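# Structural features, examined
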Amino acid sequence: MTARPEIDPLLKSLLDAIPMTFNAADGVEVARARIRALQAPPEMLPQLRIEDRTIASGIPARIYWPPADSDGLPVVVFYHGGGWSIGDLNTHDAVARAHAVGAEAIVVSVDYRLAPEHPFPAAVEDCWAALQWVGEHAAELGGDPGRIAVAGDSAGGNLSAVMARLARDNSGPDLAFQLLWYPSTTGDLSLPSFIENADAPILDREVIDAFLQWYLPGVDLSDPSTLPVTLAPANATDFSGLAPAYIGTAEHDPLRDDGARYAELLSAAGVPVELSNEPTLVHGFVSFALLVPAAAEATNRGLAALKNALY
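Residues numbered from 1 in each chain as written. Predicted model: local features only at pLDDT ≥ 70, side-chain atom pairs only at ≥ 80, totals over all residues. Heavy atoms only, no water.

## A closer look at the packing of aromatic side chains
One pass over the full model with this rule turns up 9 aromatic pairs. Ring centres of Phe-120 and Tyr-215 lie 5.6 Å apart, and the angle between their planes is 75 degrees; on these two criteria the pair is classed as edge-to-face. With Phe-120 in the loop between strand S4 (106-110) and helix H4 (122-137) and Tyr-215 in helix H7 (residues 205-215), this residue pair connects regions lying 95 residues apart in the sequence. By relative accessible area, Phe-120 is classed as partly exposed at 21%. Seen from their ring centres, Tyr-182 and Phe-285 are 5.1 Å apart, and the 70 degrees between their planes marks the pair as edge-to-face. In this pair, Tyr-182 is assigned in the loop between strand S6 (175-181) and helix H6 (192-196) and Phe-285 in the loop between strand S8 (273-282) and helix H9 (293-310), connecting sequence segments 103 residues apart. Phe-285 shares its class with Tyr-182; the two are buried. Here a set of aromatic residues connected by ring pairs shows up, and it is made of Trp-181, Tyr-182, Tyr-246 and Phe-285. (Phe/Tyr/Trp six-rings, centres within 6.5 Å; stacked < 30°, edge-to-face > 60°. Helix = DSSP H or I, 4+ residues; strand = E, 2+ residues; numbered from the N terminus. Buried < 20%, exposed > 50% of the residue type's maximum accessible area, 1.4 Å probe, protein only.)

Dropping the structure here:
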């Protein structure tokens, strides 16, 4: 057997300098402070037309227009990561801008309610209301209601997969694509990648346990096959007719096999899907694309697939 590649050395040096791990006992505010520390300096970000707005009867959102702002642009509804408990419009501002520029699309970044203050299914409800709002108001934003995609990282990838299913099962909005960055899809903590990467940077078992305690208080996770599809979309019985997908995973990530498993299920149902597992990267690599060339290359692969689907 050959040893798997090590974590990219530049990324590892950054991770060593900015420890991100925490546990449930630390409390959610400590966790939120850790993710806020990762925000990129404004001078590194592309300058875009941006507007904060309240949509869908009270959900905060941030809307980004690409540099080539014109009517009839595709629209990407973006759901940020952070274990359904941390992260917000600011922590994922750079990521949302990258999607607007890379896909040449209007991006609607959704500030859904967070656990533990608002546990499951509050995030799902907000994300679905936001997607329906975009379907109804895309033209008002200068967008094309016939070219809508969902995208998200980590918990946001989970929510994006759930939204693709809700859209299919509720007669729209018709989605052109789903871009899933290292998504949680199974709820199965016994997958090999959870064992291999139990002490991985960014997302280790203590962090995972904290997120699950906050988002799913009182939910029995002992049999992941019993979890609802709005939590574990891999538990569905029918994957046909879902939007085409790109799934980006990282070798050194507990959620690696979640992405691979979901890609298998989509492919078996005839859904076009591309899976790209990045051998030297870790969970959250899209957030490091401004600083780490390997993360930028991986991010650009997914954004190119998104743009290709929308155009």
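## Here's the deal with the packing of H4 against helix H5 (residues 155-169)
The geometry of H4 relative to H5 is characterised by a closest axis approach of 10 Å and an angle of 55 degrees between their N-to-C directions. Overall, the two elements H4 and H5 adopt an arrangement that is oblique. For the crossing formed where H4 meets H5, the hand is right-handed. Facing H4, whose interface residues are Ala-123, Val-124, Cys-127, Trp-128 and Leu-131, H5 presents Leu-159, Val-162, Met-163, Leu-166 and Ala-167. Counted by class, the contact of H4 with H5 contains 10 nonpolar, no polar and no charged residues. (Axes fitted to C-alpha atoms, helices over the stretch in contact; angles between N-to-C directions. Parallel < 35°, antiparallel > 145°, perpendicular 65-115°, else oblique. Left-handed = near helix turned anticlockwise from the far one by under 90°. Contact = heavy atoms within 4.5 Å. Nonpolar A, V, L, I, M, F, W, Y, C, P; charged D, E, K, R; others polar.)

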